Amino acid sequence: MTKKKAIATPGRTKEILEKYQFFFKKSLGQNFIIDANILVKMLETANISKQVNTIEIGPGIGALTEQLAIHSNKVLAFEIDQRLIPILKDTLQDYSNVEIIHQDILKADLPNIIKDKFANDQRPVKVIANLPYYITTPILMELLIARLPIESITVMIQKEVAERMAAHQSTKEYGSLSIAIQYYTDASVPMIVPPTVFRPQPRVDSAVLHLVMRDHPPVHVEDEEFFFSLVQASFMQRRKTLRNNLQRHFKGSLDKTEIESVFTETNIDGTRRAESLSIEEFALLANTFQIKIG
């Protein structure tokens, strides 16, 4: 730690906000962390060290960025709010290993940015962030689908969303989002975080979601787009059976007899609900339906 008081404290945060007359924008989902201990625990979860490069999304006034600068090799931080750029230059002026990129992470050319900024550096790259609630899922899915050369993603997000993403089969949280996350990563929720560690305080609890990237998906599917489409259709109306949901999904492509033949062939009971199926069963269904459609 540096001698200067950490940014992630109530006093220092207040001082920075007052100095720059900064006001929070609800549209950007800004909630700054004011407890450095929480951030250190996040870094421990992500196993951050000087042998690791890091990417941060939404650094705010630099609370997490500061800890990453201290504990990791190099930090790339993407900030969309122009008002925060001069603040970050001030709060992080002591750290030469931080680069702030004023850009929307969803519009950034991440593969080339990673290749350029970490050129000839063999250290693994990890993503770590305190994400705005409203855009958590689009950001995470974009990172996963792009199959970036990153080792893990550790993010502070809304507790309810974290639990859905890390949910297991046959639980009420388990859904198409759980399957998507499971397809690309090994997911866990190591920490629940109360609203009191944020300014302003959100109305709900938060959680740290830790995703370790898989080298290969746990199942083989012939067509990923078809697979995810079938999974989403299966969960479309949770209280309905697979048969009902998939008959609606394949209407115009397959008749009831053809759909029933897939259930028979895969030995999956059409009266089951989607939440009872494993990712392996969804893969089997998708591959078999694709053959049937031709």
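These figures come from a predicted structure and were not determined experimentally.

Engineer: Looking at this structure, how should I read the overall build of the protein chain?
Structural biologist: When helices and strands are tallied, the protein chain shows 12 helices and nine strands. If one aligns the C-alpha atoms of the protein chain with their principal axes, the spans along those axes are about 70 × 45 × 30 Å. Per-residue burial over the protein chain gives 51% buried out of 294 residues. Summarising the internal contacts of the protein chain: among those between residues at least 6 apart in sequence, 70% fall at separations of at least 24. For the protein chain, the accessible surface area stands at approximately 14,500 Å², while carbon and sulfur atoms represent 49% of it. With 35 positive and 35 negative side-chain charges, the protein chain shows a separation of 7 Å between the mean positions of the two kinds.

Engineer: What exactly am I supposed to notice about the pairing of strand β5 (residues 125-130) here?
Structural biologist: Residues in a regular strand point their side chains to alternate faces of the sheet. For β5, a buried count of six out of six residues is recorded, marking the element as mostly surrounded by other parts of the structure. Side chains of β5 alternate between two faces, with Val-125, Val-127 and Ala-129 and Lys-126, Ile-128 and Asn-130 buried alike. In terms of strand pairing, strand β2 (residues 53-57) meets β5 through three bridges, oriented parallel. Paired with Thr-54 across the two strands is Lys-126, which belongs to β5. Remark: the β5/helix α6 (residues 136-145)/strand β6 (residues 152-158) crossover connection has right-handed handedness.

Engineer: What is the right way to look at α6 in this model?
Structural biologist: Think of an α-helix as 3.6 residues a turn; residues three or four steps apart then line up on the same face. Within α6, the full set of buried residues consists of Thr-136, Ile-139, Leu-140, Met-141, Leu-143 and Leu-144. Looking one or two places after α6, you find Arg-147, whose phi comes out positive at around 50°.

Engineer: It is not clear to me how the side chain of Asn-287 should be interpreted in this structure. Could you clarify?
Structural biologist: Along the polypeptide, Asn-287 turns up in helix α12 (residues 279-293). With near-sequence residues (within four places) excluded, Asn-287 lies in contact with His-220, Val-221 and Glu-222.

Engineer: Where do I start with the packing of aromatic side chains in this structure?
Structural biologist: Describing an aromatic ring pair means giving the distance of the ring centres and the angle of the ring planes. Counting across every chain of the model gives 13 aromatic pairs. Note on Phe-22 and Phe-24: the rings are 5.7 Å apart at their centroids and 90° apart in plane angle, and the pair reads as edge-to-face. Judged by relative accessible area, Phe-22 falls into the buried class, the value being 11%. Ring geometry for Tyr-183 against Tyr-184: centres 5.1 Å apart, planes inclined by 85°, an arrangement best described as edge-to-face. Through successive ring pairs, a cluster of aromatic residues spans Tyr-183, Tyr-184, Phe-227 and Phe-228. In this structure, Arg-83 packs its charged tip against the face of Phe-23, placed 4.6 Å from the ring centre.

Engineer: Could you clarify how one ought to interpret helix α10 (residues 242-249) in this entry?
Structural biologist: Along α10, the positions that sit buried rather than exposed are Leu-242, Asn-245 and Leu-246. Seen along its axis, α10 keeps its buried residues to an arc of 90°; they face one direction. Buried-residue contacts for α10 involve α9 (224-234), α11 (256-266) and α12.

What counts and what doesn't
- Residues numbered from 1 in each chain as written.
- Predicted model: local features only at pLDDT ≥ 70, side-chain atom pairs only at ≥ 80, totals over all residues.
- Heavy atoms only, no water.
- Helix = DSSP H or I, 4+ residues; strand = E, 2+ residues; numbered from the N terminus.
- Buried < 20%, exposed > 50% of the residue type's maximum accessible area, 1.4 Å probe, protein only.
- Contact = heavy atoms within 4.5 Å.
- Areas by Shrake-Rupley, 256 points an atom, 1.4 Å probe, with all protein chains shown as cover.
- Lys, Arg positive; Asp, Glu negative; His and termini not counted.
- Charge placed at Lys NZ, Arg CZ, Asp CG, Glu CD.
- Pairing = 2+ DSSP bridges.
- Right-handed = clockwise from strand over helix to strand, strands pointing away.
- Phe/Tyr/Trp six-rings, centres within 6.5 Å; stacked < 30°, edge-to-face > 60°.
- Lys NZ or Arg CZ within 6 Å of the ring centre and 35° of its normal.
- Arc of directions from axis to C-beta.

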